Amino acid sequence: PMGGIVLTNDGASILREIEVGHPAAKTMIELSKTQDDEVGDGTTSVIVLAGEVLSVAEPWISRMHPTVIIGGFTRALDD
């Protein structure tokens, strides 16, 4: 609070302090906040999982519309 150094390994605390402008990054931070509000734990895990989903989807974004990619993920969940 007084401009000092804070040391933490709490993902929610770290993400609360980050200011970002990119819409996807803002969504990731909101995802982390929701996880913390609803469960109280697992913020780092949910960010790592969401990051991996985005990583897998990235090569397809230039080839097809994002709703088609989401549909593919949804079908995979059903299977």
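Look up a bit, the structure's there.
Residues numbered from 1 in each chain as written. Predicted model: local features only at pLDDT ≥ 70, side-chain atom pairs only at ≥ 80, totals over all residues. Heavy atoms only, no water.

*Asks:* I keep staring at the environment of Ile 70 and nothing clicks. Help me out?
*Replies:* Structurally, the position occupied by Ile 70 is in helix 4 (residues 66–78). The class of Ile 70 is exposed, set by a relative accessible area of 51%. Taking the C-alpha atoms as reference, Ile 70 lies 15 Å from Ala 24; in sequence the two are 46 residues apart. (Helix = DSSP H or I, 4+ residues; strand = E, 2+ residues; numbered from the N terminus. Buried < 20%, exposed > 50% of the residue type's maximum accessible area, 1.4 Å probe, protein only.)

*Asks:* Which parts of the structure should I look at to understand the environment of His 65?
*Replies:* With respect to the helices and strands, the residue His 65 is situated in the loop between helix 3 (43–61) and helix 4. Separated by 51 residues in the primary sequence, His 65 and Ile 14 place their C-alpha atoms 32 Å from one another. A polar side-chain atom of His 65 sits 2.9 Å from a polar atom in the side chain of Thr 67. (Polar contact = N/O pair within 3.5 Å; in protein donor to acceptor, adjacent residues only side chain to side chain.)

*Asks:* Would you mind showing me how to read the layout of surface pockets here?
*Replies:* Empty space left among the atoms is revealed by rolling a probe the size of a water molecule over them. Approximately 190 Å³ is the volume attributed to the largest pocket. Looking at the largest pocket, the residues that line it are Val 53, Leu 54, Ala 57, Ile 61, Pro 66, Ile 69, Ile 70 and Phe 73. Within the residue set of the lining of the largest pocket, elements represented by two or more residues are helix 3 and helix 4. Grouping the constituent residues of the lining of the largest pocket by class yields eight nonpolar, no polar and no charged. (1 Å grid on protein atoms, 1.4 Å probe; cavity = no way out; pocket = protein on both sides within 12 Å on 5 of 7 lines; lining within 4 Å. Points joined across faces, edges and corners; volume = space filled by probe spheres on them. Nonpolar A, V, L, I, M, F, W, Y, C, P; charged D, E, K, R; others polar.)

*Asks:* What is the right way to read the packing of aromatic side chains from this model?
*Replies:* The description of an aromatic ring pair rests on the distance of the ring centres and on the angle between the ring planes. Within this structure, the stated rule accounts for zero aromatic pairs. Arg 63 extends its terminal NZ or CZ atom over the ring of Trp 60, reaching a point 4.9 Å from the ring centre. (Phe/Tyr/Trp six-rings, centres within 6.5 Å; stacked < 30°, edge-to-face > 60°. Lys NZ or Arg CZ within 6 Å of the ring centre and 35° of its normal.)

*Asks:* Teacher, can you tell me more about the packing of helix 2 (residues 23–38) against helix 3 here?
*Replies:* Two packed helices can be described by the angle between their axes and the distance between those axes. It is the contact of helix 2 with helix 3, at a shortest axis distance of 9 Å, that shows an interaxial angle of 145 degrees. Considering only the axes of helix 2 and helix 3, their crossing is right-handed. Here helix 2 contributes Met 28, Leu 31, Ser 32, Gln 35 and Asp 36 to the contact with helix 3, which in turn contributes Thr 43, Val 46, Ile 47, Ala 50, Gly 51 and Leu 54. Classifying every residue of the contact of helix 2 with helix 3 gives six nonpolar, four polar and one charged. (Axes fitted to C-alpha atoms, helices over the stretch in contact; angles between N-to-C directions. Left-handed = near helix turned anticlockwise from the far one by under 90°. Contact = heavy atoms within 4.5 Å.)

Everything listed here is a matter of coordinates, which is why it stays silent on function.
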